[in-house]
Amino acid sequence: MSASSGDERRASLRVSMRFRIRRAGSSDPFDSREGNISLGGFAWHGAALSVGTEVEARFKLPGTSEELQVRGQVLNVSYGARGTSAHVRFLDLPDELERRIAQYLEEVEQAESNQRGGS
């Protein structure tokens, strides 16, 4: 069952998003980074923190003015065409926030499907 849950999250749509990120518990300012969000977590491009590091991120879902704050843990750091990327899984994501993210991703997926399919 656990593998299935991981597969579902990995298959989740990833949507571009701008984040403000810092090491969890730090008083450092948040760094603004481009990345993407999915049902299970998020990723950003640019300076990455070490695998295992806990982070705090702030972002706004398009169409809202409320800045959301989440915690996560860096699972992987990769190096590709866009440079360094850090991949993070959510930690202790409140159910309501998870629903809001899922609803947003579903709306984006539906809009993309409508553009591709016509009706």
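Looking up the protein chain in an unreviewed UniProt entry gives the name Type IV pilus assembly PilZ, with the organism given as Cystobacter fuscus.

A. Fine view of the overall build of the protein chain. Secondary structure assignment for the protein chain yields two helices and six strands. Starting at the N terminus and ending at the C terminus, the protein chain contains elements arranged as α-β-β-β-β-β-β-α. Counting all 119 residues of the protein chain, 34% fall into the buried class. Here the contacts in the protein chain between residues at least 6 apart in sequence split such that 48% fall between residues at least 24 apart. If you sum the accessible surface of the protein chain, you get close to 7500 Å²; carbon and sulfur atoms cover 44% of it.

B. Region of the structure containing the pairing of strand S1 (residues 15–23). With seven bridges joining them, S1 and strand S2 (residues 31–37) adopt antiparallel strand pairing. Residue pairing for S2: arginine 18 is matched across the bridge by glutamate 34. Pairing of S1 with strand S4 (residues 54–59), which is carried by four bridges, proceeds in the antiparallel orientation. Of the residues in S4, the one forming a bridge with arginine 20 is arginine 58.

C. Geometry of the sheet that holds S1. Spatially, six strands are ordered S1-S2-S3-S6-S5-S4 in a closed barrel, and the strand pairing comes out antiparallel. Within the sheet, the average angular offset between the axes of one strand and its neighbour, ignoring direction, is 45 degrees.

D. Region of interest: the pairing of strand S5 (residues 68–80). In terms of strand pairing, S4 meets S5 through six bridges, oriented antiparallel. From the neighbouring strand, phenylalanine 59 faces S5, where its bridge partner is leucine 68. Where S5 folds back on strand S6 (residues 83–91), the antiparallel hairpin that results is connected by two residues.

E. Focus on a negative patch on the surface. Taken together, the side chains of Glu106, Glu107, Glu109 and Glu112 make up a negatively charged region of the molecular surface. Mapped onto the elements, glutamate 107 comes out in helix H2 (residues 95–117). Judged by relative accessible area, glutamate 107 falls into the partly exposed class, the value being 46%.

F. The arrangement of H2 in detail. An ideal rise of 1.5 Å per residue puts 33 Å on 23 residues; H2 measures up with 32 Å between its terminal C-alpha atoms. Of the positions making up H2, those classed as buried are Leu97, Ile101, Tyr104, Leu105 and Val108. Where H2 is buried, its residues contact S1, S2, S4, S5 and S6.

G. Broad picture of the layout of surface pockets. Taken as a whole, the second largest pocket holds about 160 Å³ of empty space. Along its surface, the second largest pocket is lined by Ile21, Arg22, Arg23, Asp28, Pro29, Asp31, Arg33, Trp44, Ala47, Ala48 and Leu49. For the lining of the second largest pocket, the secondary structure elements donating two or more residues are S1 and S2. By residue number, the principal contributor to the lining of the second largest pocket is S1, which donates three residues. Residues that form the lining of the second largest pocket fall into these classes: six nonpolar, no polar and five charged.

What counts and how
Residues numbered from 1 in each chain as written. Predicted model: local features only at pLDDT ≥ 70, side-chain atom pairs only at ≥ 80, totals over all residues. Heavy atoms only, no water. Helix = DSSP H or I, 4+ residues; strand = E, 2+ residues; numbered from the N terminus. Buried < 20%, exposed > 50% of the residue type's maximum accessible area, 1.4 Å probe, protein only. Contact = heavy atoms within 4.5 Å. Areas by Shrake-Rupley, 256 points an atom, 1.4 Å probe, with all protein chains shown as cover. Pairing = 2+ DSSP bridges. Axes fitted to C-alpha atoms, helices over the stretch in contact; angles between N-to-C directions. Patch = residues over 30% accessible without salt bridge, like charges linked within 9 Å, V, L, I, M, F, W, Y side chains within 5 Å. Salt bridge = Lys/Arg side-chain N within 4 Å of Asp/Glu carboxyl O. Lys, Arg positive; Asp, Glu negative; His and termini not counted. Charge placed at Lys NZ, Arg CZ, Asp CG, Glu CD. Expected span 1.5 Å × (residues − 1). 1 Å grid on protein atoms, 1.4 Å probe; cavity = no way out; pocket = protein on both sides within 12 Å on 5 of 7 lines; lining within 4 Å. Points joined across faces, edges and corners; volume = space filled by probe spheres on them. Nonpolar A, V, L, I, M, F, W, Y, C, P; charged D, E, K, R; others polar.

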